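Overview (structure and organization)
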Amino acid sequence: MTEKISIEAAAEVMREGLRQTIKRFSLWYVIQGGLMILAGAFAFIFPLLASSAAVGLVGWLLIISGVVQGISLMGGRNLPHFWVQLVSVVLSIIIGLMFLRNPGQGLFTLTMLLIVYFLAEGISRVIWSLTIRPFPNWHWVLVSGIVAIVAAIFSWSKLPVTAIWILCPFLGLVLISEGAALGYLAWQVRKASVTSVP
C-alpha cells in the first residue's frame, strides 16, 4: 500500500534535508565563501595584465572555484539541487581548462564561455536559494544568483565589444557576491547551531 503525500509536504521534506546538509557542512560552505571572495578580488586585478595572462589566471580561478564548489557538494547527492549545482561545477572546471589550453585564442570565444558560465551559475544559485527558503538569509543567495544573471545579460548585450577587461570585473563581482552570500548563510547557520546546543 502506498501512502500519498502532498506536494507541499514533499517539498518541505526536501527543504529540511537541504537545511540539515547545510548545517552539517557549514564549515565547508564558510571556507568556500572565503575562497570565492578571494578569487573574486583577484579577478578585479586582471584587467591590468596582458590579455593572455589574464585568460590563464581566469582559467585557474574558474578551476579552483569549481573544485571548491565540488567539495561542498559531497554528501548532498540525494538533495534536489545537487544535479544543477554539479552541472555548474563541471562547467566551471571545463571552461577553466579551456582557458588554460588556448590562452591566446580570440576574446570573443572566451567572452561567450564566460557568459554561459555566469548564466549557469546564476540560475543554479536562484534555484538553490528558492530550495532552501525560508532558511535564514536565503535571500542573499538569491541576490548573488541575480547578480550573475544580470552580468551575463549585460555582457551579451555588449557583444562583440565586450572584452576580457569588462568580463574580469564581472567575474570578480559574481565570485564575490556568491562567496559572500554563501559564507554569510553558512556562518549564520553555524552560529545558530552553536547557540541552540545546550
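1. Regarding the confidence of the model for the protein chain
Per-residue confidence for the protein chain gives a mean pLDDT of 79, with 85% of residues at or over 70. Across the protein chain, helix H6 (residues 138–157) holds the top mean pLDDT of 89, while helix H1 (residues 7–24) sits lowest at 77.

2. Section: the pattern of salt bridges
Under the definition given, this model contains two salt bridges. Between Glu121 and Arg125 there is a salt bridge, and its shortest N-O distance comes to 3.4 Å. Of this pair, Glu121 and Arg125 both sit in helix H5 (residues 107–132), four residues apart, which is roughly one turn of the helix. Where Glu178 meets Arg125, a salt bridge forms, and the shortest distance between an N and an O atom there is 3.6 Å. With Glu178 in helix H7 (residues 164–196) and Arg125 in helix H5, this residue pair connects regions lying 53 residues apart in the sequence. Residue classification places Glu178 among the buried residues on the basis of a relative accessible area of 1%. When salt bridges that share partners are traced, they join Glu121, Arg125 and Glu178 into one network.

3. A few points about helix H2 (residues 26–45)
Since the α-helix turns once every 3.6 residues, residues separated by three or four places project in the same direction. Taking 1.5 Å as the rise per residue, H2 with 20 residues should run 28 Å; its terminal C-alpha atoms sit 30 Å apart, in good agreement. Those residues of H2 that sit buried are Ser26, Tyr29, Gln32, Gly33, Met36, Ala39, Gly40 and Ala43. Burial along H2 is one-sided: seen end-on, the buried residues are contained in an arc of 135 degrees.

4. Let's talk about the nonpolar core
Across soluble globular proteins, you tend to see nonpolar side chains buried next to one another. Counting 26 residues, the largest nonpolar core has Val58, Leu62, Phe99, Leu114, Tyr117, Phe118 and Leu171 as its most contacted members. Counting only elements with at least two residues in this core, the list comes to H2, helix H3 (51–72), helix H4 (82–101), H5, H6 and H7. In this structure, Tyr29, Phe135, Ala181 and Val189 belong to the second largest nonpolar core, which totals 15 residues.

5. Observations concerning a nonpolar patch on the surface
A cluster of nonpolar residues, Leu27, Trp28, Ile31, Leu35, Leu38, Phe42, Ile45, Val67, Ile71 and Met74, forms a patch on the protein surface that exposes about 890 Å² of accessible area. Of all the elements in the fold, those that place two or more residues in the nonpolar patch are H2 and H3. When residues in the nonpolar patch are grouped by element, the largest group, seven residues, is from H2. By relative accessible area, Leu27 is classed as partly exposed at 45%.

6. Things to note about the side chain of Gln85
Within the secondary structure, Gln85 is located in helix H4. A relative accessible area of 6% means that Gln85 is categorised as buried. A polar atom in the side chain of Gln85 sits 3.1 Å from the side chain of Ser124. If sequence neighbours within four positions are ignored, Gln85 has contacts with Leu73, Ser124, Arg125 and Trp128.

Thresholds applied
Residues numbered from 1 in each chain as written. Predicted model: local features only at pLDDT ≥ 70, side-chain atom pairs only at ≥ 80, totals over all residues. Heavy atoms only, no water. pLDDT = per-residue confidence, 0-100. Helix = DSSP H or I, 4+ residues; strand = E, 2+ residues; numbered from the N terminus. Salt bridge = Lys/Arg side-chain N within 4 Å of Asp/Glu carboxyl O. Buried < 20%, exposed > 50% of the residue type's maximum accessible area, 1.4 Å probe, protein only. Expected span 1.5 Å × (residues − 1). Arc of directions from axis to C-beta. Core = buried A, V, L, I, M, F, W, Y, C linked by side-chain atoms within 4.5 Å. Patch = residues over 30% accessible without salt bridge, like charges linked within 9 Å, V, L, I, M, F, W, Y side chains within 5 Å. Areas by Shrake-Rupley, 256 points an atom, 1.4 Å probe, with all protein chains shown as cover. Polar contact = N/O pair within 3.5 Å; in protein donor to acceptor, adjacent residues only side chain to side chain. Contact = heavy atoms within 4.5 Å.

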